[in-house]
Amino acid sequence: MESNPGKLLILYATQTGNAMDAAERIGREAERRGCPVAVRSVDEYDASSLPPEGYVIFVVSTAGQGDVPDSMKAFWRFLLRRDLGSNWLEGVRYAVFGLGDSAYQKYNFAAKRLDKRILDLGATAIIEKGLGDDQHPSGYEGALDPWMLSLWGMLYQINPKFFPKGPDFSNPDAKLIDQPKFQITYNNIEERNYQSSTLSDLEGLELQIERARSMSGGKSLRDKNKPDCFLRMIRNYPLTKPSCGKDVLHFEFEFVSSAVEYEVGDVLQVLPTQNPEAVDAFIQRCDLDPEAFITVHPREMENRPLEARMETSEMPIKLRTFVELTMDVASAPPRRYFFEVMSFFATAEHERERLQYFASSEGRDDLYKYNQKERRTVLEVLEDFPSVKMPFEWLVQLVPPLKARDYSISSSPSAHPHQVHLTVGVVSWTTPYKRKRRGLCSSWLASLDPEQSMGIYIPAWFHKGLLPPPAPTLPLILIGPGTGCAPFHGFIEERAIQSMEGPTAPVMFFFGCWNEENDFLYKDFWLSHSQNGGVLSETKGGGFYVAFSRDQPQKVYVQHKMKEQSKKIWNLLREGAAIYVAGSATKMPADVMSAFEEIISTESGAPKDIATRLIRSLEKASKYHVEAWS
């Protein structure tokens, strides 16, 4: 029998918070069975420390098109070092649980690559990797629950000292929730030399956002607290016909703070404003003082000297401001652990029993139907369980963070100096119980009237997306159905300007929509550039091709239009063209890739597997780019 195994190390890499939730849940379940654990983010862990670890559980989400999360990039680069031998992790036992979405082509790719690499470095797998799927009726937890049971059983077989009373024992007398991670300090503002009144409106808003985000419980280590800039909306007009089933809008913004340099293909992050009535209702439901000035800091700091805490935490902020800038109270559904913690603060027996059921494995599917499928908000859940009085510290930890939303930029800075444009589909849907839902950020932007919102400053951040700006001499094949056309609107604006300054390479663009009359986004723009020697014209070696999926009995999509131009696409690929794909992640990217494989195979006479390898070589050469979203 092995000696005491020490702690079980759980490392997670998260992009949106799901992997952190899963890792913490694994940690809680292990502790309830008597096993000591340490749960850490990979960006807080030194990868060179892995060899002495006895048992490591990795929980990893997949970002973008099969990428590792941002928090894992440095860790992953270290693991790929060539000087790490095949026995570097000999003696280490490990398990991998991945979080992904099978609607994406590279489903759980990050977890699969990590599992293979750890194995190649000499570690021994405790159990087969687990793959959580957002498409499962219960989300990733549909795979996590049975995977954990297998993990406990295998760990007990390897070393029974992990679970002194067996892997199925869970201490009923143990306190199942610890203290919350965060501590709230209520400040007497008159004693703190609070001087925000001397700032301008813009400076005051910037300071409030920076303070609130620096203290937020949902903040990633890589988040930027301070906005890159503030924007003002100057145009807002529809791109689709009313009542066509889609609501797509064109937004134009000007910089009201210092302008930020950006490139075509970049992404704009917008922090939305929540409904003030919902924020007030949340504060009232939780019996909070909206005028109180608070500071929020991790609980592990509470034993440090006051001076050290003052240096780390920000100046105080109004509680209402903190809630409206950091806590998504009326848009995102809470996670499973929220219901478990609620059960400890429910004073009504029937509410406590229902919450405990929702938090159990048996109630997982019913919770999914109640919560995720209906997209119930935190405010709605709290209103459904009126006896629950949850401390604000727990709310800060468990209420989903208010996240900035990513949008592909649809303008060229060369064509529109001091401006940035977006093409946004207003998100709306009906739940299984016929409740109407709308996306928080898209519906808020749609509600802004440029004539009436001169004093509304929109906090924004810029970052690189997955579509690098192409050189003017690079031939392009662009595929962007629906709002996937947004980045390519900027590409064409940019290349039109470049064509006035020198020679440019051909551009083929494949666009798709439902109907020519209803949702042909930017119709006049595309047609103007496809005629009279424009950058999309056939006389320049390119072309503009549209698939109207519902204008005839049989459905026609972009991949059908691509196959009609098979020879031209093949010739452009032979000239070194780069492929850019943008739009819905559901089926389109896979269908487009299959079309390319068929075109290459048909035109070259090569077998399908050779065509597939050619596509892979284009990806490795950074000539096949995909930016897709759910």
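Keep in mind the model is a prediction, meaning the values are calculated, not measured. (Residues numbered from 1 in each chain as written. Predicted model: local features only at pLDDT ≥ 70, side-chain atom pairs only at ≥ 80, totals over all residues. Heavy atoms only, no water.)

Visitor: For this particular structure, what's the right way to read the UniProt feature "binding site: FMN" (unreviewed entry) in the protein chain?
Guide: What UniProt calls "binding site: FMN" (unreviewed entry) maps, in this numbering, to T14, Q15, T16, G17, N18, A19, S61, T62, A63, G64 and D134. Positionally, G17 belongs in the loop between strand 1 (8-13) and helix 1 (18-32). With a relative accessible area of 12%, G17 lands in the buried category. When its relative accessible area of 11% is taken as the criterion, A63 is described as buried. In contact with A63, other than residues within four places in its own chain, are Q15, V68 and P69. (UniProt positions renumbered as here; feature names shortened; annotations may be inferred. Helix = DSSP H or I, 4+ residues; strand = E, 2+ residues; numbered from the N terminus. Buried < 20%, exposed > 50% of the residue type's maximum accessible area, 1.4 Å probe, protein only. Contact = heavy atoms within 4.5 Å.)

Visitor: Looking at this structure, I do not really get the packing of aromatic side chains. What am I missing?
Guide: To describe a pair of aromatic rings, you give the distance between the ring centres and the angle between the ring planes. In total, this model carries 29 aromatic pairs according to the counting rule given. Geometrically, the ring pair formed by F511 and F520 is stacked, given 5.8 Å between the ring centres and 15 degrees between the ring planes. Both residues of the pair, F511 and F520, count as buried. Among the aromatic residues, ring-to-ring pairing joins F488, F491, F509, F511, F520, Y522, F525, W526, F544, F548 and Y580 into one connected group. Above the plane of the ring of Y337 lies R28, whose end atom (NZ or CZ) is 3.4 Å from the centre. (Phe/Tyr/Trp six-rings, centres within 6.5 Å; stacked < 30°, edge-to-face > 60°. Lys NZ or Arg CZ within 6 Å of the ring centre and 35° of its normal.)

Visitor: Which parts of the structure should I look at to understand the sheet that holds strand 8 (residues 229-238)?
Guide: Strands pair in a sheet through their backbones, by hydrogen bonds, and they do so in one of two ways: parallel or antiparallel. Read across the open sheet, the six strands follow the order 13-10-17-8-9-14; overall the sheet is antiparallel. Of all strands in the sheet, those bounded by a partner on one side alone are strand 13 (405-408) and strand 14 (419-425). Taken over all neighbouring pairs, the strand axes of this sheet differ in orientation by 40 degrees on average, direction set aside. Here strand 10 (residues 267-270) pairs with strand 13 via four bridges, running antiparallel. Paired with Q269 across the strands is D406, a residue of strand 13. Taken strand by strand, helix 5 (residues 201-215) contacts strand 8 and strand 17 (458-463), and its axis lies near 100 degrees from that of strand 8. (Pairing = 2+ DSSP bridges. Axes fitted to C-alpha atoms, helices over the stretch in contact; angles between N-to-C directions.)

Visitor: Would you take a moment to explain the pattern of salt bridges for this structure?
Guide: Side chains carrying opposite charge are able to pair once their charged atoms draw close together. For the structure shown, the criterion picks out 35 salt bridges. Of the charged contacts, one joins R435 and E380 as a salt bridge, the two residues approaching to 3.2 Å between their closest N and O atoms. Separated by 55 residues along the polypeptide, R435 in the loop between strand 15 (428-430) and strand 16 (436-438) and E380 in helix 12 (residues 378-384) bring together distant segments of the chain. Residue classification places R435 among the partly exposed positions, given a relative accessible area of 25%. (Salt bridge = Lys/Arg side-chain N within 4 Å of Asp/Glu carboxyl O.)

Visitor: Help me out: how do you make sense of the pairing of strand 20 (residues 543-548) in this one?
Guide: When you tally the buried positions in strand 20, you get six out of six residues, the bulk of the element. Here strand 20 shows no split at all, with G543, Y545 and A547 on one side and F544, V546 and F548 on the other all buried. Bridge count for strand 19 (residues 507-513) against strand 20 is six bridges, and the pairing is parallel. Counterpart to M508 in the pairing with strand 20 is G543. Each parallel crossover has a hand, and the one from strand 19 via helix 16 (residues 523-529) to strand 20 is right-handed. (Right-handed = clockwise from strand over helix to strand, strands pointing away.)

Visitor: It is not clear to me how the UniProt feature "binding site: FAD" (unreviewed entry) in the protein chain should be interpreted in this structure. Could you clarify?
Guide: Mapped onto this numbering, the UniProt entry gives "binding site: FAD" (unreviewed entry) at R375, R405, D406, Y407, S408, G439, L440, C441, S442 and W629. Taken together, the annotated residues stretch across 255 residues and extend over separate regions, lying up to 25.1 Å apart by C-alpha. Once you skip the residues sitting within four places of it in the chain, D406 turns out to touch V267, L268, Q269 and H463. At a separation of 2.9 Å, a polar atom in the side chain of D406 contacts the side chain of Q269. A relative accessible area of 2% places C441 in the buried class. Not counting residues within four places of it along the chain, the set of residues in contact with C441 comprises V270, P272, R405 and Y407. (Polar contact = N/O pair within 3.5 Å; in protein donor to acceptor, adjacent residues only side chain to side chain.)

Visitor: Would you explain the state of the cysteines in this entry?
Guide: Covalent bonding between the sulfur atoms of two cysteines defines a disulfide. Across all of its chains, the model carries zero disulfides by this definition. C513 provides the cysteine sulfur closest to C485, a residue in no disulfide bond, and the two sulfurs are 9.3 Å apart. With relative accessibility at 0%, the residue C485 sits in the buried group. (Disulfide = S-S within 2.5 Å.)

Visitor: How should the nonpolar core be read in this particular structure?
Guide: Nonpolar side chains in soluble globular proteins tend to be buried together. Membership of the largest hydrophobic core comes to 49 residues, with the highest contact counts inside it found for F282, F322, M327, F338, M342, F392 and L395. Residues in contact with F338, not counting those within four places in the same chain, are V378, V381, L382, M390, L395, L398 and V399. (Core = buried A, V, L, I, M, F, W, Y, C linked by side-chain atoms within 4.5 Å.)

Visitor: Is there a simple way to think about unusual backbone geometry in this case?
Guide: One can expect most non-glycine residues to show negative phi and most peptide bonds to be in trans. Here N532, not a glycine, exhibits a phi torsion of approximately 55 degrees, which is positive. By the element assignment, N532 lies in the loop between helix 16 and strand 20. Phi at S622 takes a positive value of approximately 60 degrees, unusual for a residue other than glycine. Within the secondary structure, S622 sits in the loop between helix 20 (608-620) and strand 22 (624-629).

Visitor: Any chance you could explain the environment of G100 here in plain terms?
Guide: Positionally, G100 belongs in strand 4 (residues 93-100). Setting aside anything within four residues of it in sequence, one finds G100 in contact with Y107, N108, G132, D133 and D134.

Visitor: I tried to follow the sheet that holds strand 22 on my own but got confused; where do I start?
Guide: On the basis of which strands lie adjacent, the open sheet formed by five strands has the order 20-19-18-21-22 and parallel pairing. The open sheet is flanked by strand 20 and strand 22, the only strands paired with a single partner. Averaged over all pairs of adjacent strands, the angle between strand axes in this sheet comes to 10 degrees, irrespective of strand direction. Bridge analysis of strand 18 (residues 476-479) against strand 19 gives four bridges, and the strand direction is parallel. Bridge pairing in strand 19 places I477 opposite M508. Against the sheet, helix 15 (residues 486-499) contacts strand 18, strand 19 and strand 21 (578-584), and its axis sits at roughly 150 degrees relative to strand 18.

Visitor: Would you take a moment to explain the environment of E564 for this structure?
Guide: Here E564 lies in helix 17 (residues 558-564). The exposure class assigned to E564 is exposed, which follows from its relative accessible area of 53%. Placed 14 residues apart in sequence, E564 and A578 show a C-alpha to C-alpha distance of 19 Å.

Visitor: Sorry, what's going on with the confidence of the model for the protein chain here?
Guide: Predicted coordinates in regions of low pLDDT should not be interpreted in detail. Here the protein chain shows a mean pLDDT of 91. Residues at 70 or above account for 93%. Low pLDDT, under 50, characterises residues 303-313; the stretch is placed with 10 contacts to residues that sit more than four places away or in other chains. (pLDDT = per-residue confidence, 0-100.)

Visitor: Would you explain the packing of helix 6 (residues 276-285) against helix 8 (residues 319-326) in this entry?
Guide: When two helices pack together, their arrangement is given by the angle between their axes and by how far apart the axes lie. It is at 10 Å that the axes of helix 6 and helix 8 come closest, and there the two elements cross at 120 degrees. Viewed along their axes, helix 6 and helix 8 adopt a mutual orientation that is oblique. Helix 6 and helix 8 meet at a crossing whose hand is right-handed. Contact with helix 6, carried on its side by P276, V279, D280, F282 and I283, involves L319, R320, V323 and E324 of helix 8 and no other residues of that element. (Parallel < 35°, antiparallel > 145°, perpendicular 65-115°, else oblique. Left-handed = near helix turned anticlockwise from the far one by under 90°.)

Visitor: Whenever I open this one, helix 10 (residues 349-359) confuses me. Can you help?
Guide: Because the α-helix completes a turn every 3.6 residues, residues three or four places apart line up on one side. When we look at burial in helix 10, the residues that qualify are E351, L355, F358 and A359. Projected onto a plane normal to the axis of helix 10, the buried residues spread over an arc of 95 degrees and lie on a single side. Taken together, the buried residues of helix 10 touch helix 9 (336-344) and helix 11 (364-370). (Arc of directions from axis to C-beta.)

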